[in-house]
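Notes for the structure review
So the chains spell out like this:
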Amino acid sequence: MSASMSAPASPLQVGAAGLPPQSRAGGRMALAAVLLGFFTIMVDAMIVNVALPSIGRGFGSGMTGLQWVVDGYTLTFAAFLLSAGAISDRVGARQAFAGGLALFVAASAACGPAPDLGVLVAARLVQGVGAAMVVPSSLALLRETFPDPAAWTGQVAAVAALGGLTYAAIEAGADGFGAARVLIALAVAVVAAVVYLVAQARGRYPMTPLPLLRSRTMSLSVAIGFALNIGFYGMIFLLGLYLQQVHGLSALATGVAFLPMTALTSFMGSVAARLTTRFGARIPVIAGQCLMVLGLLAMVTVSAGAPVWLSVVLMVPVGAGGAMAVTALTALLLENVPAERAGVAGGVLNAARQLGGALAVAAFGALVADRAGFVSGLQTSLLIAAAAVAASVVATALLTPARRRPAPARTP
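Residues numbered from 1 in each chain as written. Predicted model: local features only at pLDDT ≥ 70, side-chain atom pairs only at ≥ 80, totals over all residues. Heavy atoms only, no water.

**Brief notes about the overall build of the protein**
Along the protein, the regular secondary structure elements total 14 helices and 0 strands. The burial tally for the protein puts 51% of its 412 residues in the buried class. When contacts within the protein are restricted to residue pairs at least 6 apart in sequence, those whose partners lie at least 24 apart make up 82%. On the protein, roughly 18,300 Å² of surface is accessible, and the fraction owed to carbon and sulfur atoms is 70%. (Helix = DSSP H or I, 4+ residues; strand = E, 2+ residues; numbered from the N terminus. Buried < 20%, exposed > 50% of the residue type's maximum accessible area, 1.4 Å probe, protein only. Contact = heavy atoms within 4.5 Å. Areas by Shrake-Rupley, 256 points an atom, 1.4 Å probe, with all protein chains shown as cover.)

See the structure below:
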């Protein structure tokens, strides 16, 4: 019997083919809508990173302002992922998806004619809220919601904690960690984090049940996802600046340089699904992490005078490895948490990933803020990213393998 017949189907392989004939057309339309939503969000993220130098010149902004353009979006995206599933349950997945996508598109339209950096950052914050509604509703990672006032306490505390931490990381690059506003932001983050944990522990229907976080699979998956986005989004942020500031490429040429990585990244999701079905999730997660580490370390050795095509080639293993690892990691997590907790687990994992990307932009932006020391700051940042992903390999080795369920009996 072939492996595809004997192995259980991965959640990533469930699609319209398993629906009754009368439902397949609707399933395909839903899948097309999901893909369109993800495509819109991912393209926007790539465009903004590529356009950062042009944005800086247009508004006369320094590195701190550019970091807020990226992290303003990532901050609200990460924070509202924690409760977007509950909102989707309340209003319905279709309505949540449509509303989130409409909000995202409207905020995107406001970004283009923004008269100053403040308006642009405000629009990016709204974009993040829209994206946070699209992702969990499109994946049907939903959980039951209850009108409990403590779900609101947790949401406000989550936004305050992530906001304070991100603000402190960005502003410390300009003023140092001893600055008063940086210390205040860190204090706000700590207090808000404590309030969030208390709300989750005492609330009747918490957004993030603490027993779920005590699960070894859940906690390790969160740490791995956090590290993977440090490597992936940190690399995108750095290379977008490097290709334009060091090599003098235009924003359009920089976007073209990202195309090979982007094309292969979209393909690696299906590869990861096949590998997960045949060998289990840990092998593709580790393989993807190793590809990322090799690509990041290779980038460190590239000199400023090296041809552009070399950087383009070295981006490919980072992007492809990241896509493989994240896809398989999601499958592993979903196979090891109770079905009724799948929405919460997916939301926590995605929130951790977005937080990793936000902090990478904050920390790496501070390291490359000095134009004279840009290349050395770039190399240091890539080494940090490689170390974070390498550490996640160890965490992956500790993950409990997904429990294999026997294949259903075949009918004659």
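Next comes the rest of the account.
**Concerning the packing of aromatic side chains**
The final tally for this structure, using the stated rule, is 3 aromatic pairs. Judged by centre distance (5.6 Å) and plane angle (55 degrees), the rings of Tyr-73 and Phe-77 are tilted. On the criterion of helical spacing, the pair formed by Tyr-73 and Phe-77 is a turn pair, its members being 4 residues apart in helix 3 (residues 63-91). Across the pair, Phe-77 and Tyr-73 agree in class, each one buried. Pairing Tyr-73 with Phe-104 gives two aromatic rings, centres 6.5 Å apart and planes at 70 degrees, and the pair type is edge-to-face. With Tyr-73 in helix 3 and Phe-104 in helix 4 (residues 93-111), this pair connects stretches of sequence that are 31 residues apart. The burial state of Tyr-73 is the same as that of Phe-104; both residues are buried. (Phe/Tyr/Trp six-rings, centres within 6.5 Å; stacked < 30°, edge-to-face > 60°.)

**Comments concerning the packing of helix 9 (residues 216-245) against helix 11 (residues 282-300)**
In contact at an axis separation of 11 Å, helix 9 and helix 11 are set at 35 degrees when each is read in the N-to-C sense. When you trace helix 9 past helix 11, the crossing you get is left-handed. From helix 9, Ile-224, Leu-228, Gly-231, Phe-232, Met-235 and Leu-239 reach across to helix 11, where they touch Gln-289, Met-292, Leu-296 and Met-299. For the contact of helix 9 with helix 11, the residue count by class is 8 nonpolar, 2 polar and no charged. (Axes fitted to C-alpha atoms, helices over the stretch in contact; angles between N-to-C directions. Left-handed = near helix turned anticlockwise from the far one by under 90°. Nonpolar A, V, L, I, M, F, W, Y, C, P; charged D, E, K, R; others polar.)

**Some thoughts on helix 7 (residues 180-202)**
If you check helix 7, its first and last C-alpha atoms are 33 Å apart, about what 23 residues at 1.5 Å a residue would give, namely 33 Å. Taken residue by residue, helix 7 has Val-182, Ala-185, Ala-189, Ala-192, Tyr-196, Ala-199 and Gln-200 as its buried positions. (Expected span 1.5 Å × (residues − 1).)

**Examining the confidence of the model for the protein**
Low pLDDT means the predicted coordinates in that region are not meant to be read closely. Scored by pLDDT, the protein has a mean of 77; 76% of the residues are at 70 or more. Within the protein, no element has a lower average pLDDT than helix 1 (residues 3-6), which sits at 35, and none a higher one than helix 11, at 93. (pLDDT = per-residue confidence, 0-100.)

**Side note on the side chain of Ser-392**
Tracing the backbone through its elements, the reader meets Ser-392 in helix 14 (residues 374-397). Among the polar contacts made by the side chain of Ser-392, one reaches the main-chain carbonyl oxygen of Val-389 at a distance of 2.5 Å. Excluding its chain neighbours within four sequence positions, the residues that come into contact with Ser-392 are Ile-224, Ala-227 and Gln-289. (Polar contact = N/O pair within 3.5 Å; in protein donor to acceptor, adjacent residues only side chain to side chain.)

**Section: the environment of Thr-276**
Summarising the element assignment, Thr-276 is placed in helix 10 (residues 251-279). Assessed through its relative accessible area of 4%, Thr-276 is described here as buried. Separated by 55 residues in the primary sequence, Thr-276 and Ala-331 place their C-alpha atoms 7.9 Å from one another.

**A look at the packing of helix 9 against helix 14**
Put simply, helix 9 and helix 14 touch, their axes get as near as 9 Å, and they point 160 degrees apart. By the criterion of interaxial angle, the relationship of helix 9 to helix 14 is roughly antiparallel. In the packing of helix 9 onto helix 14, the handedness of the crossing is left-handed. Residue-level inspection shows Leu-220, Ile-224, Ala-227, Leu-228, Ile-230, Gly-231, Leu-238, Leu-241, Tyr-242 and Gln-245 of helix 9 in contact with helix 14, the latter providing Phe-374, Leu-378, Ser-381, Leu-382, Ala-385, Ala-388, Val-389, Ser-392, Ala-395 and Thr-396. Taken together, the residues of the contact of helix 9 with helix 14 break down into 15 nonpolar, 5 polar and no charged. (Parallel < 35°, antiparallel > 145°, perpendicular 65-115°, else oblique.)

**Let's talk about helix 14**
Here helix 14 spans 35 Å end to end across 24 residues, near enough to the 34 Å set by a 1.5 Å rise per residue. Phe-374, Gly-377, Leu-378, Ser-381, Leu-382, Ala-385, Ala-386, Ala-388, Val-389, Ser-392, Ala-395 and Thr-396 are the residues of helix 14 that are buried.

**Describing the environment of Ala-106**
Locating Ala-106 in the fold gives a position in helix 4. Overall, Ala-106 belongs to the partly exposed group, its relative accessible area being 46%. For the pair Ala-106 and Gly-130, spaced 24 residues apart in sequence, the C-alpha to C-alpha distance is 9.3 Å.

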